[in-house]
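Inside the fold
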Amino acid sequence: AISCGEDFTYGSSCNFSCSEGYLLKGAITVTCTSAAEWSEEIPHCEVVLCSELYEPGKGSMACSHPLGSFSYLSTCTFTCEEGYERLASSSATLQCGASGQWNDSQPQCIAVSCPTLQQPQDGAISCGEDFTYGSSCNFSCSEGYLLKGAITVTCTSAAEWSEEIPHCEVVLCSELYEPGKGSMACSHPLGSFSYLSTCTFTCEEGYERLASSSATLQCGASGQWNDSQPQCIAVSCPTLQQPQDGAISCGEDFTYGSSCNFSCSEGYLLKGAITVTCTSAAEWSEEIPHCEAVQCPSPVVPLGGQVSCEAPSHPWGSVCNFSCDEGYDHQGAPNMQCLRSGEWSADTPTCTATPEPPLNPTILGLAAGGAVSLSGLSLAAWLLKRIRQKANKFDLNSTSDIEEPLQTYRNSIDSLI
Ligand SMILES: *[C@@H]1O[C@H](CO)[C@@H](O)[C@H](O)[C@H]1NC(C)=O
Ligand SMILES: *[C@@H]1O[C@H](CO)[C@@H](O)[C@H](O)[C@H]1NC(C)=O
Ligand SMILES: *[C@@H]1O[C@H](CO)[C@@H](O)[C@H](O)[C@H]1NC(C)=O
Ligand SMILES: *[C@@H]1O[C@H](CO)[C@@H](O)[C@H](O)[C@H]1NC(C)=O
Ligand SMILES: *[C@@H]1O[C@H](CO)[C@@H](O)[C@H](O)[C@H]1NC(C)=O
Ligand SMILES: *[C@@H]1O[C@H](CO)[C@@H](O)[C@H](O)[C@H]1NC(C)=O
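Presented here is a report on the structure given in the accompanying data block. (Residues numbered from 1 in each chain as written. Chains lettered and ligands numbered in written order. Predicted model: local features only at pLDDT ≥ 70, side-chain atom pairs only at ≥ 80, totals over all residues. Heavy atoms only, no water.)

**What to know about the overall build of the protein**
- Along its length, the protein carries 3 helices and 31 strands.
- Counting all 417 residues of the protein, 27% fall into the buried class. (Helix = DSSP H or I, 4+ residues; strand = E, 2+ residues; numbered from the N terminus. Buried < 20%, exposed > 50% of the residue type's maximum accessible area, 1.4 Å probe, protein only.)

And the structure:
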């Protein structure tokens, strides 16, 4: 614009000004000199310039320049690539103002940020430098814990994590149970039948754990117990055999509480307990019995008599015959048999002296002669013995087939001779 006086004569002046967005280049006022020239060069208007903007990294810029490059009324619009956004402080569109200033600062594109992540309980997290677009975090769990969810999460362009944030759960082992005839005591520091749970097993008296399992089991980090579920089984006593000359009768097995009965064959006696029972200490309650052959005691030789037995050991069934010497009367059983109980079937008989018959003169003479000759007396005694043996034989019913040399005991004057 120009503002002048009434005319352009000597001394008149003109004032110049520019429209908005334009700057006056030259003098504001010119005056007409005496030389009929304007005092100054005639000025002109130039459009206002703003600073040049640039395309931001990870973004683009689109401008319109109606009055000239980056000049008054130029507008530039900025967009950011996916996953990037303008700094919150800047507008998407900037305009160059009349004063040569953009109405906002040069926009920058920066990567979007996802929410900050924390390390999970009982686990660990490993992330990049920040939580911006494209960054990722890896998750892991402490020993004995399992990751539930994705191992890796990545920050999306929507400023959200690609997966739900995982968590750590304690490892579970199978549930153990109380064995029959036993008990179980457990501690669960991290949860029921979980990692580090320990269970201790005991068996009732007379029962023991299967040799293959430990008393204490622990749940491992892999979810396995370090040994198999214990079972309680009855302890076993040593196997028993039937005794020699006898028999045994036992239950199904030789375990705690079972018992065996013993018996002996005929002619044998059981020495020891009839019944033995398996104790909780895996030992038999009694010493194992054995069978001994029945033996009767040696018979008493009656005074004035003698005894003749079938066998020197007097086994069951053997017979002893009794006889009385000449001049003695037999009172009692003629013989006795050894019973199964080891006792004789009868009491020892007695021989009692018979009343003296009148003396025979021949015998008296012999006796007198005997006083002179000892050998003569011996002959007489031998004769007497032969006679008596013939006279005093007894019958007996022997049940034994045993043929043994006859055993003769004497208890008379003969034997002394
Ligand atoms: C030019 O500007 C001056 C200073 O403001 C003023 O005194 C003068 O009157 C103006 N002249 C014209 C012709 O407008
Ligand atoms: C700058 O000007 C543009 C165009 O008129 C407008 O869209 C934007 O909001 C302005 N920015 C500010 C900070 O005023
Ligand atoms: C995540 O794990 C992958 C595969 O093991 C590895 O290549 C990557 O570097 C890890 N990232 C971080 C942030 O630890
Ligand atoms: C299992 O772990 C318990 C507790 O540590 C231990 O006493 C036991 O001996 C272990 N058993 C085996 C078979 O390792
Ligand atoms: C042992 O004998 C007793 C008494 O006669 C009887 O009750 C029990 O059944 C017997 N046991 C065996 C194993 O034969
Ligand atoms: C006992 O007497 C019976 C009958 O007289 C006879 O058969 C048997 O041999 C006798 N035994 C002995 C040991 O003398």
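**Some points on the packing of aromatic side chains**
- The tally for this structure, following the rule as stated, stands at 7 aromatic pairs.
- Pairing F70 with W102 gives two aromatic rings, centres 6.1 Å apart and planes at 75 degrees, and the pair type is edge-to-face. Residue F70 is found in the loop between β6 (59-64) and β7 (75-80), and its partner W102 is found in the loop between β9 (93-95) and β10 (109-111); the two are separated by 32 residues along the sequence. Across this residue pair, the class does not change: F70 and W102 are buried. (Phe/Tyr/Trp six-rings, centres within 6.5 Å; stacked < 30°, edge-to-face > 60°.)

**Quick notes on the sheet that holds strand β22 (residues 259-264)**
- With antiparallel pairing, the 3 strands of this open sheet are ordered in space as β21-β22-β24. Each edge of the open sheet is held by one strand with a lone partner, namely β21 (246-250) and β24 (275-277). Going across the sheet, the axis of each strand differs from the next one's by a mean of 20 degrees, ignoring polarity.
- Pairing of β21 with β22 involves 5 bridges; the strand directions are antiparallel. Following the sheet pairing, G246 is matched in β22 by C264. (Pairing = 2+ DSSP bridges. Axes fitted to C-alpha atoms, helices over the stretch in contact; angles between N-to-C directions.)

**Concerning the site of ligand 3**
- Taken together, S126, C127, G128, S136 and N138 make up the full set of residues adjacent to ligand 3.
- Within the side chain of S126, a nitrogen or oxygen atom sits 2.7 Å from an oxygen atom of ligand 3.
- N138 places a polar side-chain atom, nitrogen or oxygen, 2.2 Å from an oxygen atom of ligand 3.
- A total of 360 Å² of accessible area belongs to ligand 3 in isolation, and the protein chains cover 35% of it.
- Among the residues making up the shell around ligand 3, the classes are represented as 1 nonpolar, 4 polar and no charged. (Near = heavy atom within 4 Å. Polar contact = N/O pair within 3.5 Å; in protein donor to acceptor, adjacent residues only side chain to side chain. Areas by Shrake-Rupley, 256 points an atom, 1.4 Å probe, with all protein chains shown as cover. Nonpolar A, V, L, I, M, F, W, Y, C, P; charged D, E, K, R; others polar.)

**Regarding the sheet that holds strand β12 (residues 136-141)**
- The strand order across the open sheet formed by 3 strands is β11-β12-β14, and the pairing between neighbours is antiparallel. Looking at the sheet topology across the chains shown, the edges are occupied by β11 (123-127) and β14 (152-154). Direction aside, the axes of adjacent strands within the sheet are offset by 20 degrees on average.
- As paired elements, β12 and β14 share 3 bridges and run antiparallel to each other. Residue pairing in the sheet places S136 in a bridge with T154 of β14.

**Some thoughts on the nonpolar core**
- Counting residues in each nonpolar core, the largest one holds 10 residues, listed as V294, C296, V301, V307, C309, C320, F322, M336, C338 and W344.
- Breaking this core down by element, the ones donating at least two residues are β26 (305-309) and β27 (319-324).
- When near neighbours in sequence (up to four residues on either side) are disregarded, C320 contacts P299, V307, S308, C309, H314, P334, N335, M336 and W344. (Core = buried A, V, L, I, M, F, W, Y, C linked by side-chain atoms within 4.5 Å. Contact = heavy atoms within 4.5 Å.)

**A look at the environment of C237**
- Considering the arrangement of structural elements, one finds C237 in the loop between β20 (232-234) and β21.
- On a C-alpha basis, the gap between C237 and A281 in space is 8.3 Å, while along the polypeptide they are 44 residues apart.
- In contact with C237, other than residues within four places in its own chain, are F254, C278, T279, A282, E283 and W284.

**Overview of unusual backbone geometry**
- Even without glycine at this site, K58 takes up a positive phi of about 60 degrees.
- Inspection of the secondary structure puts K58 in the loop between β5 (44-47) and β6.
- A positive phi is found at F193, a non-glycine position, where the angle reads about 50 degrees.
- Along the chain, the position of F193 falls in the loop between β16 (182-187) and β17 (198-203).

**As for the environment of G220**
- Mapped onto the secondary structure, G220 falls in the loop between β19 (216-218) and β20.
- Assessed through its relative accessible area of 22%, G220 is described here as partly exposed.
- As a C-alpha pair, G220 and S194 span 26 residues in sequence and 8.3 Å in three-dimensional space.
- Leave out the neighbours within four places in its chain, and G220 touches V171, C173 and Y195.

**Focus: the environment of E41**
- Looking at where E41 falls in the secondary structure, it is placed in the loop between β4 (29-31) and β5.
- By relative accessible area, which is 72% here, E41 ends up exposed.
- Residues E41 and G26 lie 15 residues apart in sequence; the distance between their C-alpha atoms is 7.1 Å.

**Details of the state of the cysteines**
- Summed over the entire model, instances satisfying the criterion amount to 17 disulfides.
- Note on cysteine connectivity: C186 is disulfide-linked to C199, with sulfurs 2.1 Å apart. Given an S-S torsion of about 110 degrees, the disulfide between C186 and C199 has right-handed geometry. Of the two residues, C186 is situated in strand β16 and C199 in strand β17; the sequence distance between them amounts to 13 residues.
- Classification of C199 as buried rests on a relative accessible area of 0%.
- Note that C203 is cross-linked by a disulfide to C232, the S-S spacing being 1.9 Å. Across the disulfide from C203 to C232, rotation about the S-S bond amounts to roughly -85 degrees, and the bridge is consequently left-handed. With a gap of 29 residues between them, C203 in strand β17 and C232 in strand β20 connect regions that are remote in the sequence. (Disulfide = S-S within 2.5 Å.)

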